[in-house]
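Survey of secondary and tertiary structure
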Amino acid sequence: MPHRSERKKVNKEELTKDLECMIDSIPVGEKVIIGADLNVHLGEGGEGYRRILGGEGYGKRNAEGQKALERLEGLDMAVVNTFFKKREKQKITYKSGQGQSQIDFIITRREDLKIISDCKVIAGEEAYDRVPRDLVYWALRKRKVPEKLIRLVKATQKGNNSGAHSSWQNSEECRNGLPWELLFADDLAIIADSEEELQRRWLKWQIGLESKGLKVNTGKTEVMVSGRNRTKVNIKDKEGRELNQVDQFKYLGVTFSEEGGSETAVRARVKAAWQKWRELGPVIADKTIPSKLKTKLYTTVVRPVILYGAECWTTGVKEENILEKTEMRMLRRIKGVTLKDKMKSEDIRKELGVGV
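Residues numbered from 1 in each chain as written. Predicted model: local features only at pLDDT ≥ 70, side-chain atom pairs only at ≥ 80, totals over all residues. Heavy atoms only, no water.

So, on to the confidence of the model for the protein. Averaged over all residues, the pLDDT of the protein equals 78, while 85% of them reach at least 70. For residues 160-170, every residue scores under 50 in pLDDT, and the model assigns this stretch 28 contacts once sequence neighbours within four places are set aside. (pLDDT = per-residue confidence, 0-100. Contact = heavy atoms within 4.5 Å.)

Below, the structure is given as structure tokens:
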């Protein structure tokens, strides 16, 4: 029978080959992002591997790191977090006694580096103290992730002595279903018709989550009452601490207000769209560029920024007017006309081929 260390080496080789096969099976053009504890040292420089390794790593490269780079080069996969300048303490992802190193990396296809604006790695001990590992494995199986890949995830976590080891069956015991809960990853919004019902549901979720090893940050938990008149409510956590009541809050990038409309969210998207528009200013102002091309830029770059999160908006006449005026200002600039030219909005849209 092979020695234990030999079996580990064989298993690691098998998992590495499985990962390579999986990457090769993904069609060109699809985005691939991998995050893992590779347990190797790639070093602070990019010598010999400038295409896939930036110069913002940490420490010295070891033999395992050299092998990893050779495999990544063959796959044309770049190590994302070595391309962004960070303070030294933000590069370190593992500490033991006086020793410290960077062994956690984000990897993507080299051609996709241009769409990534930043990368930040959280040390493994911090991340897995917050999310129980059994919960991670359960969620992967729930999503029908192949068992072979789940074993790969487990292998990257070996040797990470985090403190959370509780189990989690599922959240069905707390859930009432839509529209009473909005749950995405670790972002939860609870909706109720009355203060008493909200208090009951909130405590049920808090106690249920904490019994499974998940910590609920009550300091960041907020309460909002939606209605014509502002109403004061007194919602408390299981320790008796009152939750902060606000007049608006942001969920998954969309701002909701107590008045019930989406004016705040719409104005925020309009502001973001004008920022994107200013980036295209030289192109829009260039009279040698056809209006058709400028319109294409608007519909593919600027308009999606305006409408991001629109599925969650509750739009009324006021919100629709804000969106209409913003779009027409941009379309008039593309067309090269002003309000003084008295050209109808319908005619501008028709000539540029932009529908409502």
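The next subject is helix 12 (residues 345-352). Given 3.6 residues to a turn, an α-helix orients residues that are three or four positions apart in the same direction. Those residues of helix 12 lying buried are S345, I348, R349 and L352. The buried residues of helix 12 occupy an angular sector of 95° when projected down its axis, which confines them to one face. Turned more than 90 degrees from where helix 12 packs its buried face, E346, K350 and E351 sit exposed. Once helix 12 ends, the next one or two residues include G353, with phi positive near 75°. (Buried < 20%, exposed > 50% of the residue type's maximum accessible area, 1.4 Å probe, protein only. Helix = DSSP H or I, 4+ residues; strand = E, 2+ residues; numbered from the N terminus. Arc of directions from axis to C-beta.)

We now examine the pattern of salt bridges. Evaluation of the coordinates by the stated rule reveals 17 salt bridges. With a shortest N-O distance of 3.2 Å, K31 and D112 are connected by a salt bridge. Placement of K31 in the loop between helix 1 (4-25) and strand 1 (33-37) and of D112 in the loop between strand 5 (104-109) and helix 4 (124-130) is noted, with a sequence separation of 81 residues between them. Here the residues in one salt-bridge network are R303, E324, E327 and R349, joined through shared partners. (Salt bridge = Lys/Arg side-chain N within 4 Å of Asp/Glu carboxyl O.)

Taken together, three strands build an open sheet; the order of strands is 1-5-2 and the sheet is antiparallel. The outermost strands of the open sheet, each flanked by one partner alone, are strand 1 and strand 2 (77-79). Looking at each pair of strands side by side, their axes are set apart by 30° on average, direction ignored. Strand direction decides the pairing type here: strand 1 and strand 5, joined by five bridges, are antiparallel. Counted as the bridge partner of A36 is F105 from strand 5. (Pairing = 2+ DSSP bridges. Axes fitted to C-alpha atoms, helices over the stretch in contact; angles between N-to-C directions.)

Taken together, L178, L182 and I191 make up a surface patch of nonpolar side chains, about 260 Å² in accessible area. Here L178 shows up in the loop between helix 6 (147-157) and strand 6 (181-184). (Patch = residues over 30% accessible without salt bridge, like charges linked within 9 Å, V, L, I, M, F, W, Y side chains within 5 Å. Areas by Shrake-Rupley, 256 points an atom, 1.4 Å probe, with all protein chains shown as cover.)

Turning our attention to unusual backbone geometry. Despite not being glycine, D76 has its phi angle at roughly 55°, a positive value. The backbone of K144 shows a phi angle near 60°, a positive value even though the residue is not glycine. If you trace the backbone, K144 turns up in the loop between helix 5 (133-142) and helix 6.

The next point concerns helix 8 (residues 263-279). Across its 17 residues, helix 8 extends 25 Å between first and last C-alpha, which sits within 8% of the 24 Å expected from 1.5 Å per residue. Residues of helix 8 that are buried make contact with strand 11 (254-257), helix 9 (281-285), helix 10 (291-306) and helix 11 (317-335). (Expected span 1.5 Å × (residues − 1).)

The next thing to look at is the packing of helix 8 against helix 10. Between helix 8 and helix 10, the least distance of the axes is 7 Å, while the angle of their chain directions is 155°. Judged by the inter-axis angle, helix 8 sits roughly antiparallel to helix 10. In contact with R269, A272, A273, K276 and W277 of helix 8, helix 10 contributes Y298, V301, V302, V305 and I306. Here the residues of the contact of helix 8 with helix 10 sort into eight nonpolar, no polar and two charged. (Parallel < 35°, antiparallel > 145°, perpendicular 65-115°, else oblique. Nonpolar A, V, L, I, M, F, W, Y, C, P; charged D, E, K, R; others polar.)

On to the packing of aromatic side chains, then. Within a pair of aromatic rings, the relevant descriptors are the distance that separates the centres and the angle that separates the planes. This model, assessed by the stated rule, comprises one aromatic pair. Between W274 and W277, the ring centres sit 6.0 Å apart and the planes meet at 75°, which makes this aromatic pair edge-to-face. Separated by three residues within a single helix, W274 and W277 lie in helix 8, roughly one turn from each other. Pair check on accessibility: W274 and W277 agree, each one buried. (Phe/Tyr/Trp six-rings, centres within 6.5 Å; stacked < 30°, edge-to-face > 60°.)

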